[in-house]
Every structure is written in structure tokens, then in C-alpha cells.
Amino acid sequence: MTEPTSPPETLCPSCGAGVPSGSRFCESCGAQVSDATADPVVPLTPPDDLGDAPTSAPTRGPAGALPDPPPDPGRRPCGSCGGEVGPDLYCLSCGTKAPSERDHFRETPATWVAGVCDKGVSKSRNEDAMALLAGEQPGSRAVLVVLDGVSNLTDSDVASLAGARAAREVLRTPLPAGMGTPQSRDAAVAKVFADAAAAANTAIIAITDPDEPNPASATFTVAVLEGNRISHANIGDSRCYWLPDEGEALQLTVDDSVAQAQIASGVAKEVAETGEFAHAITKWLGRDSQDFVPSVGSLEVTGPGWLLACSDGLWNYASAPEALKAQIAAAGPVDPERLALSLVAFANAAGGHDNITAALARVGPLPAPPPPPVQNAATPAPTPTPTPTATPPGPPTDVAGEGAPTDG
Amino acid sequence: MAEFTTAVFQNEFLPDGGTDVNAIVTISCKGAGTAGQSGSGDAGEIIIVDTSGSMGPATMAAAKDAAQAALSEIVDGTWFAVVAGADRAMLAYPPVTAGPALVQMNEQTRAEASAAIERFVGSGGTAISTWLDLAGQIFASVPQVTQRHALLLTDGENRERPGRLDEAINRATGYYQCDCRGAGTDWQVAEIRRIAQALLGTVDIIPRPAEMRAQFQEIMRASMARGVADAKLRVWTPQGAQVLFVRQVAPTLEDLTDRGVPVNPLTRDFPTGAWADESRDYHIGVRVAAKALGQEQLAARVQLALGENVVTQGLIKATWSNNSELTTRIDKQVAHYTGQTELAAAIQEGLAAKAAGDEATATTKLGRAVQLAAQTGNDEATAKLRKVVEVDNEAEGTVRLKRAVDKADEMALDTASTKTTRVRKDPPAGS
């Protein structure tokens, strides 16, 4: 299925290719389409006023459709010295190279949901992508989409972003609910996730040259939070985690990877994830994908915590859910964007060998705002203060029983 | 409207802990037009001719002829004057004693100036500081002249108390440009080169009077083709960085390092004078603080500024890498001009040692010069060196000083030492 595509309304300032309305990056070359933010494009409205719901999902009304997050404000102060960055993307004071918009971008669709997608240290470009949605009301509804473009394949960076946005489009409206038995609901949700993965797959293939011997490929991981319910889907080795303030942290998704297969056959997790083929994935999106139906699952949460969708650029340095929880504790009580920045900074400090994406949604009240830190936004040094869980809302999470992830 | 472009040639990769970045920045100008006609101000020309007693009849006749020929090259409408220089300077044309001391060129003023030159008689000594100062006063008398150029001919050594000439050079520096020529062999190359370098001009020897006319015409034609007045090379370096040197390395070698004027704490302007349709190469060395492997940073923004208007920019970068294949490569352009700079120094130091009677040093330095000239393909330097030394082995730089050397050949080698050759360029590494 495909989303309705609008005709190219602008031309990419970098390569001259046509850019669909609403795009912030050129799908040909990855350059930022600068005036897309200055000139918000009115979405095409079908004459029957169905809103911007995907036409291939007519049974789900546009009533609860979430808007795109506000545009990334673009050029930020220098990540190294805080100075102004020049039009040539180098700091006017210390000369540090600022990341391009593709190499480092952030989305903050609501106060309680944010993500950071960063090139990391070693890679030459950012092939990770994310696309987020959130209702204004904390805890209402959030969509976290993370794709990790497979490195060394042509245009993986362009493909992953196109795929993430296409999946987001499918998930703009609420997941099916109130459809009789839990089984029928689960089946309907699985169908929506399969549609989202298919949309991402179609978008990736659309930007792939038919003659390309190394067609772009990507992982796919999605977490949707609706009230207390987390629904998730996965292809490849990006991950979703549930990291509650109290109680046991969980990895929700199961990797489609050689490492995971080894773990299933009894190899220790630490050994498998650091082995030679640890990062070889067994399922992916792209033209040469054999199977792009995601594994899906869900979880009812009962207490406050963080829902995290991330790429392996982050979990390579903190695979165990408790290790991620420790990093969240180290970051202190901060808002989702600062927490995502802190996780990215942690991975970069640990080596940053891969692209890093961390997308977060908060369940329960936000932690108390931190004292005014006059630190650089791009490199927030994780201050090792224990998280003061001052307001424990609701009963402690009972994760031992029903909270188990249900990966299918 | 003049268009400027920039190309940067460098190896941006530094090893772990590396701090020094070298780059050749080529700036090219197209569509410069004609001096004084680009709308940014009028052009002024002053011809300064040595009329001291040392000028022999043949030299004086040639100088008159050459100055008159230069007048014909000055485009109508250009402001001009003629100065006769001896132990003091005289305004030979226009015949005024107060007010504007430049007139605009037309058929009548050209004929009058030509007649004034015809009346030159050689007498008195040589006090070049007074010539430079008078030229400055003449330019100042017509404020709308913003592009100022002088042509200075001398045939003898300056006879003033030490320091006086340098003071005059300082007063003229940054105010007008001056091309200098020495007639015969009784003048001091180092002295006249000091004037030319400070005043962003050229220096050369005119060994025979017959060559004077062509040289004057060429100088004046080149000056008239400089339609872009007073451009500055603007160099930004990051906080904490140090500019090691800024050198023009083509078409001639000029060290600009100490001539930077601060624009702000991170930016300095270096004078480049007026531009014609031409291309100049600058060798810039910057020392930056080492960063972690994989980090990239800007080592310098190199711009050309006309007034406050930046017309072109090149970026000099630094990227730290542990790949020694990347970090050990030396850019061809940088290597070439490093060799040319050493060549100029070897020639000048070798000739100075020879003049001082230190034959061992002279032989070593000039031998090294022969070697460098061959390595960098500077055929003009090779030809001129071979008139001064016998070459035993060019590749190894073993030479013997010639016993009988024409003084003019030695001076020609000296004045030409700063002329550089270019290498054929590969596509730029970045811009």
C-alpha cells in the first residue's frame, strides 16, 4: 500500500530533484530542503474531506490523526563551544564542523515524546532514521518509528528516512481497538503494523535504482503507546525497550539477527552480541527482502517509565535493559529530548562506532525539571545523580506476570 | 563586473596529535575590466624617473623614450603625473605648485607631459625617500583617486642616511602600489626590492637601455588592466589557532605574514592590491589544537574582500585520521611551492654570501638552488643560475662558482628569485 503522493512542489536546492510537499530532506541526495520549514505546505485534501488519512486505510477515520512534529529548528549553536555556526556549517568561533541536518536531527512532537538521530563518531553518514508522532496530552498516544539503514549499501540514508516517514503515515491514526475479542484486536493491530512495514518497504524500493546491485536496506522497529498499552513491531535488530522507573526493565522486541539465532540455540547473550556476525540481520526491508512482515507484540504498563525505540548504535553499548536504565538514571530527571541527547552522548562517548537513534516516550508525569543547566545541548555530560523518583504515581509495576513481552 | 573563484589544494588529513595544516589557495579573477572604470573610484598613475647625475646620456635618452611610451598606455581619463627624482623630487608635470597635482589624461595633457619629459636633464644625487613621499602627496591631492599606482625607475644606489628610505616606504605602504625597475647595474637589488615588496609591486633589472621602452609599456598596460582596486585576503582561523604564515607564492613570492591587519580577534586582512584578470596562489600555514581521531574541523576560511564585501571563499580543513596512507601524503601544490620558497631563499642567501666573499656558503646555497630549480621545473631560475655557477651535478646540487660573472646576470638572478612557476593542477581538493 502506498500513501497518497503529492506532486513535486519544490526542487531540491542541492541536486535539483523534485521534492514532495512537506519533505524536509531531499529523497535523492539527502540534503535538507531548507524552505520546507519556512513555507509549511498545506497537505493535499481529498475532495471528500477524509483528512490526511492514508487512502488505503479507509476503515480508520482521520479523527485521531496526529500532526507531524514541529520542524527541527535547524542550525544550532556549535556543539563544541556553543558559538554561532556559519553558513558553511563550520563554527564561526572554534571551526568545529557542525553536523548536517541529516547527520543530526531531533523530533519533539510533544513535551513527553522526543527523539535524537545522530551520525555517531565513526560512520561517514547517518543511515539511521526516525519519525515520531505524539498527541499533546501526556500519555495520550505516541508513535516511535526507527529504521537503521544497512551500511555500505547505496542510498541507505535516503531509504531509511523515506521508509520511516512512510510508516509514520500509516500509524498517524489510532490502532484498531474495541474489536471484540483480544485476539481479533491483536490481529487487526498486526495488520496495521504489517501495512506500516509494507509502506516503508515500498518507499525504500521507490528510491532504489532498479539496476542497483546493492539495493538499500533497513531495519524497522515501531512502538506505539496508547494509554497504558504499548504495541510494538520489529524487523531486524533495532529495538524497543520498556524502562520503568520501578521494577524490571524489559527488551520488548526480539532481533532478527544471527546473534539472536545463536542466543536461541543456547549461546550466551554477551557472547553472541559481540561475535563476528553479531550484526548480521536475517530480516530487513528493501528490494531484496524475502519477508517484511514484522514480529509484533504488546505490553500493558502499570506504572511510570520510559518507552525507548533505538538503533543498535545505542544498544551496542547498553544491551541489557538494566544497563539502559542505569543510563537514564545517570541522566537525572530531564525531559525526553535531553534524555535522548544524553543517551546519544553516552553512545558517542563509548565510541560511537555506528549511527545512534534514541526515541523516547514518557509514561506517567515527567520528572521534575532539572535545575537550570548551562551546558551545551549537544554534549550533555551525564551527571551521575540517582533518579529521585519523587512522585511514584500508581502502584509498583507488576512485570513478573502479564507484563511479559509477547513477541510473535 | 569582476568574478572571483577560489580553489583549495591541501591534504586535510592529520595524524593523531598533528597540529599543522598547509594549503595552497588559488584565487582567480575574471572580468576585471579597466583601472578606474569599475565604479569604485578613479585610477591614478605617477611615473617617477631618476634624473640624478648618474644617468648617462644613453640611459637618460632611453628613460625619456620609455616614459613617453608609458604615457601612451595610460587610458584617457586616468589621473596622472610625472615626477623627476634626484636628491629631491620635482613635480615635472602637471606644472602646478598648489592644489590638485594630478590631471586627467587626454591628447593635450599627454603631449604636454611628453614635452616635460623631453626637458629632463640629469644632475644631482639620489634620495629615493623624497620621491616616494612626493608621490604620496600628489595622490593625496586628488581624493577621488582611489586606485593608486606608480612606476619608479632608478639607476643608482640610494644616498641617504640609513633608515630614511624605510620611513618613506612605511608612509607609502598600503596607500599606493609601485612597480620598480633598475637600469644598468649600479643599483642595489635588495634596496629596490624592499620598496617593491612593501608597495605590492614588481622589481626587475633593465640591463640595456634598448629594453626600457618595452618594459615600461608592459608595466603600464598591466596596471591599466587592474580593474579591481584594493582587494584584501581575509583569513579567519579558529579560536586558539595560530597563523604560521601567509605567502603569495604565484606569480611571485611575497611573504605577507607580518602584514595582517586585525578585522576581529579571529580574522586578519592581508593586502593584495589591485587585480586584473589573473590568478594568484597563496600558501597558508595554520597551527590548530589537535583533536580526536575522526574529528573534522575548519582550520581557516580564506576569503577575498573588496571593501567589506567578501567576493569568494575557500575552506582549509583538518581531519584527524589514523590511516597513515592518508596522513603522510603531501599535496603536490604544497610540495611544489614549499620548494619554490626554499629556492628563492637559497638564491638570495647564496648571492649575499657570494657578495660577502663567503664562497663556501655561496656554493652550497646556489647548489641547493640549482637542485630545487630542477626539481620544481623552474626553467627560468635554472637558466639564470647557470650564468652564475658551473653545474657539475644538477640532481645532487653540486656546483662551482663561475670566476667571471656578468654583474647584470647576477642581478637578474636575484630579481627573478621570487618569480615562481606553477604546477599543472589537478582538480581541487575542495573549495
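Each remark here, short or long, concerns the structure printed above.
Attention here is on the structure that accompanies the text. A quick note: this is a predicted structure, and the numbers were derived from the prediction, not measured.

### Focus on the overall build of chain B
Helix and strand content of chain B: 11 helices and 20 strands. Relative to the 2.2 N^0.38 estimate, which gives 22 Å for 431 residues, the radius of gyration of chain B is 23 Å and therefore close to what a compact globule would have. Seen through its C-alpha atoms, chain B measures out along the principal axes to roughly 70 × 55 × 35 Å. Counting the 431 residues in chain B, one finds 53% classified as buried. Considering only intrachain contacts with a sequence separation of at least 6, the fraction spanning at least 24 residues in chain B is 75%. Accessible surface for chain B amounts to roughly 18,000 Å². Of this, 49% is attributable to carbon and sulfur atoms. Between the averaged position of the 43 positive side-chain charges in chain B and that of its 53 negative side-chain charges there is a distance of 1 Å.

### Remarks on the overall build of chain A
Counting secondary structure elements, chain A contains eight helices and 15 strands. Counting across all 408 residues of chain A, residues that qualify as buried make up 52%. Across chain A, every contact between residues at least 6 apart in sequence was considered, and the portion connecting residues at least 24 apart equals 68%. Surface exposure of chain A reaches about 17,000 Å², of which carbon and sulfur atoms provide 59%.

### A word on the sheet that holds strand E3 (residues 104-110) of chain A
All names here are of chain A. Read across the sheet, six strands follow the order E3-E4-E15-E14-E10-E11 without closing on themselves; strand pairing throughout is antiparallel. Two strands bound the open sheet, and with one partner strand each, they are E3 and strand E11 (250-251). Packing against the sheet, helix H7 (residues 321-331) makes contact with strand E10 (239-244), E11 and strand E14 (305-310), and its axis sits at approximately 60° to E10.

### A few points about helix H3 (residues 128-140) of chain B
All names here are of chain B. The first and last C-alpha atoms of H3 sit 19 Å apart over 13 residues, in line with the 18 Å expected at 1.5 Å per residue. All of the buried residues in H3 are Ile 128, Ser 129, Trp 131, Leu 132, Leu 134, Ala 135, Gly 136, Ile 138 and Phe 139. Lining the buried residues of H3 we find strand E4 (42-50), strand E5 (79-85), strand E6 (89-93), strand E8 (145-154), helix H4 (164-172) and helix H5 (189-198).

### Things to note about the nonpolar core
Membership of the largest hydrophobic core comes to 60 residues, with the highest contact counts inside it found for Leu144(A), Val145(A), Leu147(A), Leu171(A), Phe220(A), Trp242(A) and Leu307(A). Not counting the four nearest positions on each side in its chain, Phe220(A) is found in contact with Val146(A), Leu147(A), Ala167(A), Phe193(A), Ala196(A), Ala197(A), Ala200(A), Ala233(A), Asn234(A), Ile235(A), Leu285(A) and Pro294(A). Ala89(B), Val145(B), Cys180(B) and Ala198(B) belong to the second largest nonpolar core, which has 38 residues in total.

### Structural notes on the side chain of Thr6(B)
Position of Thr6(B) among the secondary structure elements: in strand E1 (residues 3-10). Within the structure, Thr6(B) has its side chain in polar contact with the side chain of Thr312(B) (distance 2.5 Å).

### Re the state of the cysteines
All names here are of chain A. Overall, the coordinates contain zero disulfides over all chains when judged by the stated rule. A disulfide-free cysteine, Cys 117 has its sulfur positioned 12 Å from the sulfur of Cys 310, the nearest such atom. The class of Cys 117 is buried, set by a relative accessible area of 0%. We note that Cys 310 lacks a disulfide partner, and the nearest cysteine sulfur, in Cys 240, lies 7.9 Å from it.

### Focus: unusual backbone geometry
Negative phi characterises most residues that are not glycine, and trans characterises most peptide bonds. The omega torsion of the bond from Tyr93(B) to Pro94(B) falls at -5°, within 30 degrees of zero and hence cis. Note on placement: Pro94(B) falls in the loop between E6 and strand E7 (103-104). Here Ala250(B) and Pro251(B) are connected by a cis peptide whose omega angle stands at 5°. With a phi angle near 70°, Leu89(A) is a residue other than glycine that sits in the positive phi range. Along the chain, the position of Leu89(A) falls in the loop between helix H1 (35-38) and E3. Relative accessible area serves as the criterion here: at 31%, Leu89(A) is assigned to the partly exposed category. The phi angle at Leu200(B) is positive, at roughly 55°, despite the residue not being glycine. Relative to the helices and strands, Leu200(B) resides in the loop between H5 and strand E10 (203-206).

### Notes on the packing of helix H8 (residues 332-355) of chain B against helix H11 (residues 407-415) of chain B
When two helices pack together, their arrangement is captured by the angle between the axes and the distance separating the axes. Residues and elements named next belong to chain B. Packing of H8 against H11 leaves a shortest axis separation of 9 Å and a crossing angle of 145°. As for the relative orientation of H8 and H11, their crossing is left-handed in sense. Of the residues in H11, those touching H8 at Ile 347, Gln 348, Leu 351 and Lys 354 are Glu 410, Leu 413 and Asp 414. Counted by class, the contact of H8 with H11 contains three nonpolar, one polar and three charged residues.

### Overview of the environment of Glu396(B)
All names here are of chain B. For Glu 396, the location among the structural elements is in the loop between strand E19 (389-393) and strand E20 (398-401). Looking at Glu 396, the relative accessible area reads 57%, which means it is exposed. Sequence-wise, Glu 396 and Ile 47 are 349 residues apart; in three dimensions their C-alpha atoms are separated by 45 Å.

### Quick word on the environment of Pro174(A)
Counting through the fold element by element, Pro174(A) comes out in the loop between helix H2 (156-170) and helix H3 (182-206). C-alpha of Pro174(A) to C-alpha of Ala65(A): the two residues are 109 residues apart in sequence and 7.1 Å apart in space.

### Topic: H8(B)
Three- or four-residue spacings in an α-helix give side chains the same orientation, since the helix completes a turn every 3.6 residues. Residues and elements named next belong to chain B. When the terminal C-alpha atoms of H8 are compared, their 35 Å separation across 24 residues agrees well with the 34 Å that a helix rising 1.5 Å per residue should span. By the N-cap criterion, in which a side-chain oxygen at the helix start approaches the backbone nitrogen of a residue two or three places on, H8 is capped by Asp 331, the distance to Gln 333 being 2.9 Å. Positive phi shows up at Gly 357, right after H8, with a value of about 85°.

### Section: the environment of Leu134(B)
Residue and element names in this part refer to chain B. Take Leu 134: it is sitting in helix H3. Linking Leu 134 and Met 90, residues 44 residues apart in sequence, is a C-alpha distance of 7.9 Å. The residues contacting Leu 134, other than those within four sequence positions of it, are Val 83, Ala 89, Met 90 and Leu 91.

### Some points on the layout of surface pockets
Approximately 1,200 Å³ is the volume found for the second largest pocket. Every element with two or more residues in the lining of the second largest pocket is listed here: E3 and helix H8 (336-349) of chain A together with strand E18 (309-320) of chain B. Broken down by element, the lining of the second largest pocket gets its largest block of residues, five residues, from H8(A). Classifying every residue of the lining of the second largest pocket by side-chain character gives 14 nonpolar, 16 polar and 11 charged.

Thresholds applied
Residues numbered from 1 in each chain as written. Chains lettered and ligands numbered in written order. Predicted model: local features only at pLDDT ≥ 70, side-chain atom pairs only at ≥ 80, totals over all residues. Heavy atoms only, no water. Helix = DSSP H or I, 4+ residues; strand = E, 2+ residues; numbered from the N terminus. Rg over C-alpha atoms; globule rule 2.2 N^0.38 Å. Buried < 20%, exposed > 50% of the residue type's maximum accessible area, 1.4 Å probe, protein only. Contact = heavy atoms within 4.5 Å. Areas by Shrake-Rupley, 256 points an atom, 1.4 Å probe, with all protein chains shown as cover. Lys, Arg positive; Asp, Glu negative; His and termini not counted. Charge placed at Lys NZ, Arg CZ, Asp CG, Glu CD. Pairing = 2+ DSSP bridges. Axes fitted to C-alpha atoms, helices over the stretch in contact; angles between N-to-C directions. Expected span 1.5 Å × (residues − 1). Core = buried A, V, L, I, M, F, W, Y, C linked by side-chain atoms within 4.5 Å. Polar contact = N/O pair within 3.5 Å; in protein donor to acceptor, adjacent residues only side chain to side chain. Disulfide = S-S within 2.5 Å. Left-handed = near helix turned anticlockwise from the far one by under 90°. Nonpolar A, V, L, I, M, F, W, Y, C, P; charged D, E, K, R; others polar. 1 Å grid on protein atoms, 1.4 Å probe; cavity = no way out; pocket = protein on both sides within 12 Å on 5 of 7 lines; lining within 4 Å. Points joined across faces, edges and corners; volume = space filled by probe spheres on them.

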